[in-house]
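Overview (structure and organization)
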Number of protein chains: 2
Amino acid sequence: MTGTLASLGEVQIIRIMERAFGESGKTVVGFGDDVSAVKLSSGKVAILKTDMFVGSTDLPPGMTLREAAWKAVVANVSDLAAKGVRPMAGLVALGLPRSLNKQDVEEIARGLSLAAKNYGFPLVGGDTNESEDLTISIALFAVAARRQLILRRGAKNHDLVAVTGEFGSTSAGLQSVLRFRIPKRKLARSLYESVYHPKARLDLGLRLAASRAITSSIDSSDGLAWSLHELSSLSRVGIIIDHIPVSKAAGEFAVEHGQRANDLALYGGEEYELVVTVSPRNYSKACRVAKGNLKKIGYVTDEFRGVRMKLDGRVADVKKKGWEHFRS
Amino acid sequence: MTGTLASLGEVQIIRIMERAFGESGKTVVGFGDDVSAVKLSSGKVAILKTDMFVGSTDLPPGMTLREAAWKAVVANVSDLAAKGVRPMAGLVALGLPRSLNKQDVEEIARGLSLAAKNYGFPLVGGDTNESEDLTISIALFAVAARRQLILRRGAKNHDLVAVTGEFGSTSAGLQSVLRFRIPKRKLARSLYESVYHPKARLDLGLRLAASRAITSSIDSSDGLAWSLHELSSLSRVGIIIDHIPVSKAAGEFAVEHGQRANDLALYGGEEYELVVTVSPRNYSKACRVAKGNLKKIGYVTDEFRGVRMKLDGRVADVKKKGWEHFRS
């Protein structure tokens, strides 16, 4: 399939865009981080983010339109959470199939509205279109002090690597409904929540950033392994993972279906936790502001580049693999 | 088709969203104008705009992906032009069908890049997805002084109504390729440009707004009649049109196909001119800054609400009709 989107993959497509668009003196953060940022006056930056939800690829069986709209907002908020920035306002561009009815539109509006209220910002405008594929494109705007932003680059030798939650539930939940055809209502509660009602770690992200304890940060929506590789690559360091934070439900699912729990946690995606690095002297401070929601999973080293895991005394590479559009 | 999107129409859908989202103290301009605006500090506002291009409804026969991408940007810039605001940065969320190849993606990137450079702002981030329907969702950001913004409301009794160009070419061009199956390359130049390479009136919009001569403004992308009705409704005034600015090519098309040229100009759409009101004492100033690109087409009255035309001594209603998604 040379030359098709499947062979290109999302990363290549973004590179083509980046190359065509070029550089700008106004840009503080461009492509390649969770959000973009452009210079305003007096040390402030405008934070800009867009993420699109597409029905044909992002809508698991049984997901209501309200849930889809909620999730579309969460995916955007999560990226701001990772940078420690509170959303100020949002826009919604919709592509709606003709088969939808008034109630469907109201469900979408409700999901968008609930999510925006939950994360404390207004939806101030938008655009509505007919489309063959349900499309919910959100754009978020915020203002931040330049030095307040926590980027993907910034991790230093000896920093600790920590996460805000456990992983694997979304993978296990998606496999349950997609592969094993388990109805939504029969899913264990945590799998259900992970797939159909995910949450962004906004408060936690704001507290961690405000504490100045963390040196780099990313959200885990493309998978834990992918996120670790991004931190490693942009911070130009190596990462060694000595603990893989598998959720209880993912562990049970792995046993039941003869799968590797670690793989579910590492190579999943659509999980909206934060992956951060913390200098050792600030770790207790970070844990304090996180109120028990921070777990150490490894450390940063300058002895190599990339991501490895060291479990039971054995070292292995963590693959740079996650959920990428056009490759699945 | 009760209850379906076709019976609802775009305006109803936007109303459902608006109602669900509610009001916010931070919002200076919400739904219902060309752009949204939220309060920043010291009299400044952040300008936010999103407009989505969808292949199945917005891509005429023969339009290249580069042209589609260009047009997606133009549609957004035009709305900022109408408010007198220069774009500061843009985001792009893409939904790409699997059938596209690398060259297609490069063409989209080139169209986006050319348009952004032409209107003087950087594209600083985005999102790429797989979709069954080609989707190019643009979001623009700008900063403006609150009092610099020219809104749809603001037209006053006795103001003059003026436009920045002629109308009907896009309608004539679209009919030529869609209905009469005329190949793109055989279109008259002005029809070709209107359909495949439209331009936003950014410089003109900036100059008009800076002159403080105009009292209200809207872009004409939903059609001249629709735009006039919006100005009338939001300014709570009546508008009388005594001249309909039909383009030469639209006039010729009308004669050739036995159509009414005035209808082509009034009830078309996808034309990116500006429709403004000007107080009579500032009209010569407005013409001066517009350098010949402003044409008076009527005046504002408080004697009724709505839009009427007075041609050859006869008065008739201008229908509130334009190009609306889900209704075509």
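None of the values given here were measured: they were computed from a predicted structure. (Residues numbered from 1 in each chain as written. Chains lettered and ligands numbered in written order. Predicted model: local features only at pLDDT ≥ 70, side-chain atom pairs only at ≥ 80, totals over all residues.)

Quick notes on the overall build of chain A
Scanning chain A from terminus to terminus reveals 11 helices and 13 strands. With the principal axes as the frame, chain A shows a C-alpha extent of 55 × 55 × 45 Å. By the burial criterion, 58% of the 328 residues in chain A qualify as buried. Nonlocal contacts in chain A, meaning residues at least 24 apart in sequence, comprise 82% of its contacts between residues at least 6 apart. (Helix = DSSP H or I, 4+ residues; strand = E, 2+ residues; numbered from the N terminus. Buried ≥ 20, exposed ≤ 12 C-beta atoms within 10 Å, placed from the backbone. Contact = placed C-beta atoms within 7 Å.)

Observations regarding the confidence of the model for chain A
Mean pLDDT for chain A: 95, with 97% of residues reaching 70 or above. Complex prediction metrics read pTM 0.96 and ipTM 0.95. (pLDDT = per-residue confidence, 0-100.)

Here's the deal with the relation of the copies chain B and chain A
Mapping between the two chain copies consists of a rotation about an axis together with a translation along that axis. Superposition of chain B onto chain A requires a rotation of 180° combined with a translation of 0.0 Å along the rotation axis, giving an RMSD of 0.0 Å. The superposition operator between the copies reduces to a two-fold rotation axis. Among all residues of chain B, the minimum C-alpha distance to the rotation axis is found for Asp133(B), at 2.9 Å. Mapped onto chain A, 100% of the interface residues of chain B again fall at the interface, so both copies present the same surface. (Least-squares fit on C-alpha atoms with pLDDT ≥ 70 in both.)

Side note on the interface of chain B and chain A
Across the contact, 62 residues belong to chain B and 63 residues belong to chain A. Broken down by secondary-structure element, the contributors of at least two residues to the side of chain B that touches chain A are helix 1 (5–21), strand 2 (36–39), strand 3 (44–54), helix 2 (55–58), strand 4 (89–96), helix 4 (102–118), strand 5 (123–130) and strand 6 (135–145) of chain B. Considering every element that reaches the side of chain B that touches chain A, the biggest residue donor is helix 1 of chain B, with 10 residues. By residue class, the composition of the side of chain B that touches chain A is 31 nonpolar, 20 polar and 11 charged. (Nonpolar A, V, L, I, M, F, W, Y, C, P; charged D, E, K, R; others polar.)

Concerning the sheet that holds strand 5 (residues 123–130) of chain A
Residues and elements named next belong to chain A. Strand order in the open sheet formed by 6 strands is 1-2-3-6-4-5, and the pairing between neighbours is mixed. A strand with exactly one partner marks an edge of an open sheet, and here the two such strands are strand 1 (27–29) and strand 5. Within this sheet the neighbouring strands show an average axis-to-axis angle of 20°, counted without direction. Two strands pair when backbone bridges link them, and strand 1 and strand 2 (residues 36–39) are joined in this way by 2 bridges, in the antiparallel orientation. Across the sheet, residue Thr27 finds its bridge partner in strand 2, namely Val38. Helix 3 (residues 65–83) rests against strand 3 (44–54) and strand 6 (135–145) of the sheet, and its axis sits at about 150° to strand 3. (Pairing = 2+ DSSP bridges. Axes fitted to C-alpha atoms, helices over the stretch in contact; angles between N-to-C directions.)

Considerations on the sheet that holds strand 9 (residues 238–241) of chain B
Where strands meet in a sheet, backbone hydrogen bonds hold them as pairs that are either parallel or antiparallel. Residue and element names in this part refer to chain B. Strand order in this open sheet of 7 strands is 8-10-7-11-9-12-13, and the pairing throughout is mixed. Of all the strands in the sheet, just strand 8 (214–219) and strand 13 (314–317) have a single pairing partner and so form its edges. Looking at each pair of strands side by side, their axes are set apart by 25° on average, direction ignored. Summarising the sheet, strand 9 and strand 12 (residues 306–311) pair through 4 bridges and their orientation is parallel. Residue Ile241 lies in a different strand from strand 12, and its bridge partner there is Met309.

Observations concerning the domain arrangement of chain A
Residue and element names in this part refer to chain A. On domain assignment, one finds that chain A holds domain 1 (5–148) and domain 2 (160–317). Counting residues at the interface gives 21 residues for domain 1 and 25 residues for domain 2. The residue makeup of the side of domain 1 that touches domain 2, split by class, is 10 nonpolar, 5 polar and 6 charged. (Domains from an automatic or database assignment.)

What about the packing of helix 7 (residues 202–210) of chain A against helix 11 (residues 283–290) of chain A?
All names here are of chain A. Packing of helix 7 against helix 11 brings their axes to within 9 Å, and their N-to-C directions diverge by 150°. As for how helix 7 packs across helix 11, the hand of that crossing is right-handed. Here Leu204, Arg207 and Leu208 of helix 7 lie close against helix 11, whose contacting residues are Ala286, Val289 and Ala290. Here the residues of the contact of helix 7 with helix 11 sort into 5 nonpolar, no polar and 1 charged. (Left-handed = near helix turned anticlockwise from the far one by under 90°.)

Describing the pairing of strand 2 of chain B
Residue and element names in this part refer to chain B. Hairpin connection, strand 1 (residues 27–29) to strand 2: the antiparallel pair is bridged by 6 residues, and Gly32 has positive phi, about 100°. With 4 bridges joining them, strand 2 and strand 3 adopt antiparallel strand pairing. In the strand pairing of strand 3, Ser36 is matched with Leu48.

Quick look at helix 7 of chain A
Residues and elements named next belong to chain A. Along helix 7, the residues that are buried comprise Leu202, Leu204, Gly205, Leu208 and Ala209. Here the buried residues of helix 7 occupy an arc of 160° about the axis, which is enough to place them on one side. Against helix 3, strand 8 (214–219), strand 10 (274–278) and helix 11 lie the buried residues of helix 7. Of the residues trailing helix 7, Arg212 is marked for its positive phi of about 60°. (Arc of directions from axis to C-beta.)

Concerning the packing of helix 3 (residues 65–83) of chain B against helix 4 of chain B
Each pair of packed helices can be described by the angle between their axes along with the distance between the axes. Residue and element names in this part refer to chain B. Remark: helix 3 packs on helix 4, axes separated minimally by 7 Å, with the N-to-C direction vectors making an angle of 35°. The two elements helix 3 and helix 4 cross, and the hand of that crossing is right-handed. Only Asp104, Glu107, Ile108, Arg110, Gly111, Leu112, Leu114, Ala115 and Ala116 of helix 4 make contact with helix 3, whose side of the interface consists of Leu65, Arg66, Glu67, Ala68, Ala69, Trp70, Val73 and Val74. Here the contact of helix 3 with helix 4 is built from residues that sort into 11 nonpolar, 1 polar and 5 charged.

Quick look at the environment of Ala290(B)
Residue and element names in this part refer to chain B. Relative to the helices and strands, Ala290 is located in helix 11 (residues 283–290). Separated by 87 residues in sequence, Ala290 and Asp203 have C-alpha atoms that sit 9.3 Å apart. Among residues more than four places away in sequence, those in contact with Ala290 are Thr164, Leu204, Arg207 and Leu208.

Regarding the environment of Gly120(B)
Of note, Gly120(B) is situated in the loop between helix 4 and strand 5. Spatially, the C-alpha atoms of Gly120(B) and Gly62(B) are 28 Å apart, while their sequence positions differ by 58 residues.

Thoughts on unusual backbone geometry
All names here are of chain A. The phi angle at Arg212 is positive, at roughly 60°, despite the residue not being glycine. Looking at the secondary structure, you find Arg212 in the loop between helix 7 and strand 8. Phi angles above zero are rare outside glycine, and Lys291 is one such case at about 50°. Locating Lys291 in the fold gives a position in the loop between helix 11 and strand 11 (295–301). Taking the number of C-beta atoms within 10 Å as the measure of exposure, Lys291 has 10 and is therefore exposed.

A short note on the pairing of strand 13 (residues 314–317) of chain A
For a regular strand, side chains alternate in direction, first toward one face of the sheet and then toward the other. Residue and element names in this part refer to chain A. Note: strand 12 (residues 306–311) against strand 13, 4 bridges, orientation antiparallel. Within the sheet, the bridge partner assigned to Leu311 lies in strand 13 and is Arg314. Hairpin connection, strand 12 to strand 13: the antiparallel pair is bridged by 2 residues, and Asp312 has positive phi, about 50°.

Observations concerning the environment of Leu140(B)
Residue and element names in this part refer to chain B. Tracing the sequence through the fold places Leu140 in strand 6. Accessibility expressed as a C-beta count within 10 Å gives 28 for Leu140, which makes it buried. With 49 residues separating them in the primary sequence, Leu140 and Leu91 have C-alpha atoms 6.5 Å apart. The residues contacting Leu140, other than those within four sequence positions of it, are Lys49, Asn76, Leu80, Pro87 and Gly90.

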